[in-house]
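For reference, the chains in residue letters:
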Amino acid sequence: MSPAQRRNFEELAPRYCVPFQQSETDLRLAFPHYDRPLIIEIGFGMGETTAAIAAARPESNFVGIEVYRPGVGKLLGRIHADGLENLRIIVHDAVEVLATMVADEQIDGVHVFFPDPWPKKRHYKRRLIQPGFVNLLRAKLRPGAYVYLVTDWQDYAAQMLEVFETAAGFRNPYRGFCPRQPWRPETSFERKGRSQAHSIHNLWLERTE
Ligand SMILES: C[S@@+](CC[C@H](N)C(=O)[O-])C[C@H]1O[C@@H](n2cnc3c(N)ncnc32)[C@H](O)[C@@H]1O
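The rules behind the values
Residues numbered from 1 in each chain as written. Predicted model: local features only at pLDDT ≥ 70, side-chain atom pairs only at ≥ 80, totals over all residues. Helix = DSSP H or I, 4+ residues; strand = E, 2+ residues; numbered from the N terminus. Near = placed C-beta within 6 Å. Nonpolar A, V, L, I, M, F, W, Y, C, P; charged D, E, K, R; others polar. Axes fitted to C-alpha atoms, helices over the stretch in contact; angles between N-to-C directions. Left-handed = near helix turned anticlockwise from the far one by under 90°. Contact = placed C-beta atoms within 7 Å. Buried ≥ 20, exposed ≤ 12 C-beta atoms within 10 Å, placed from the backbone. Parallel < 35°, antiparallel > 145°, perpendicular 65-115°, else oblique. Pairing = 2+ DSSP bridges. Right-handed = clockwise from strand over helix to strand, strands pointing away.

A. Representation of the overall build of the protein within the structure. Each helix and strand in the protein was counted, giving seven helices and seven strands. In terms of overall dimensions, the protein has a C-alpha envelope of 45 × 40 × 35 Å along the principal axes.

Here it is, written out as structure tokens:
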């Protein structure tokens, strides 16, 4: 961590982080506006996109879950500097957070942007988007809630599509991949890759009733 990230962590985590706990927690209590839709982001990295989306969508509450402490330190600084009342952080493994802290049908949306690709075939089983995880996700989402995934790995994109096509309880209103949602800022990395056409895949699913 840089000195600033470390300082943010020490000074701001008690204010803007929700501590991990081994029992169900009403995450909406972490926000001044309890009744707003609750959106979870898994693996926000350095958090630039997370902060921009929270600022662009003040009508929703966002919880970013990340284990990478320099990124947490950085995003804590943004939350504080920008006064983002609708963004909080959990520093823990996201799968465990969903399984233990989040009650069924509590979430209105999930963002997974550029998850670790694990490009070697023998490591595919470490990828986040797997049938077991998608079943867990379905249980935590309210009917009508959305899942928004983005990846720059073609074969991971194909895997995501297949896993959600075969999972029960989801519909894909776009049938296949979708355009970038206008409220998700394009990263510099994406801008660079745009010339290579279809290198970025966006996928949008909705939980059925
Ligand atoms: C490739 S980075 C992408 C970061 C960011 N979403 C972006 O678009 O720049 C993937 C991030 O997911 C985080 N991550 C991976 N598995 C996780 C898990 N189970 N729980 C929380 N964070 C996770 C990693 O620490 C890493 O920061």
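B. A look at the site of the ligand. What surrounds the ligand is a group of 17 residues, the closest being Gly-43, Gly-45, Tyr-68, Ala-94 and Phe-114. Considered class by class, the residues forming the shell around the ligand number ten nonpolar, four polar and three charged.

C. Geometry of the packing of helix H1 (residues 3–16) against helix H3 (residues 69–82). For the pair H1 and H3, the least separation of the axes is 8 Å and the interaxial angle reads 65°. Taken as a pair, H1 and H3 cross one another with a handedness that is left-handed. Contacts between H1 and H3 involve Ala-4, Gln-5, Arg-6, Asn-8, Phe-9, Leu-12, Ala-13 and Tyr-16 from the former and Arg-69, Pro-70, Val-72, Gly-73, Lys-74, Leu-76, Gly-77, Ile-79 and His-80 from the latter.

D. Structural detail: the environment of Ala-30. You can see Ala-30 is positioned in the loop between H1 and strand E1 (38–42). Look at Ala-30 and you get partly exposed, because 18 C-beta atoms sit within 10 Å. Aside from chain neighbours lying at most four places away, what touches Ala-30 is Val-18 and Arg-88.

E. Structural context of the environment of Leu-205. Within the secondary structure layout, Leu-205 lies in strand E7 (residues 201–207). Taking the C-alpha atoms as reference points, Leu-205 and Pro-173, 32 residues apart in sequence, are found 7.0 Å from one another. Those residues in contact with Leu-205 that lie beyond four places of it in its chain are Tyr-146, Val-147, Phe-164, Phe-170, Arg-171 and Asn-172.

F. Highlighting the packing of helix H2 (residues 48–56) against H3. Two elements in contact, H2 and H3, have axes whose closest approach is 10 Å; the angle formed by their N-to-C orientations is 25°. With respect to their mutual orientation, H2 and H3 come out roughly parallel. When you trace H2 past H3, the crossing you get is right-handed. From H2, Thr-50, Ala-51 and Ala-55 reach across to H3, where they touch Leu-75, Arg-78 and Asp-82. Of the residues in the contact of H2 with H3, the class split is three nonpolar, one polar and two charged.

G. Structural context of the pairing of strand E4 (residues 107–113). Counting buried positions along E4 gives five out of seven residues, so the element sits mostly inside the fold. Where E1 meets E4, three bridges bridge the pair, whose relative direction is parallel. Among the inter-strand pairings, Glu-41 is bridged to a residue of E4, identified as His-111. Two elements, E4 and strand E5 (residues 141–151), share six bridges in a ladder whose sense is parallel. Looking at E5, one finds that His-111 is bridged to Tyr-148. Chirality of the crossover, the property in question, places the unit of E4, helix H5 (residues 131–140) and E5 among those that are right-handed.

H. Spatial organisation of the sheet that holds E5. Reading across the sheet, the seven strands line up as E3-E2-E1-E4-E5-E7-E6 and stay open at both edges, with mixed pairing between neighbours. The open sheet has two edge strands, strand E3 (87–90) and strand E6 (170–171), and neither has a second partner. The pairing of E1 with strand E2 (residues 61–65) spans five bridges and is parallel. Bridged to Glu-41 within E2 is Gly-64. Sitting on the sheet, H5 touches E4, E5, E6 and E7, and the angle it makes with E5 is about 140°.

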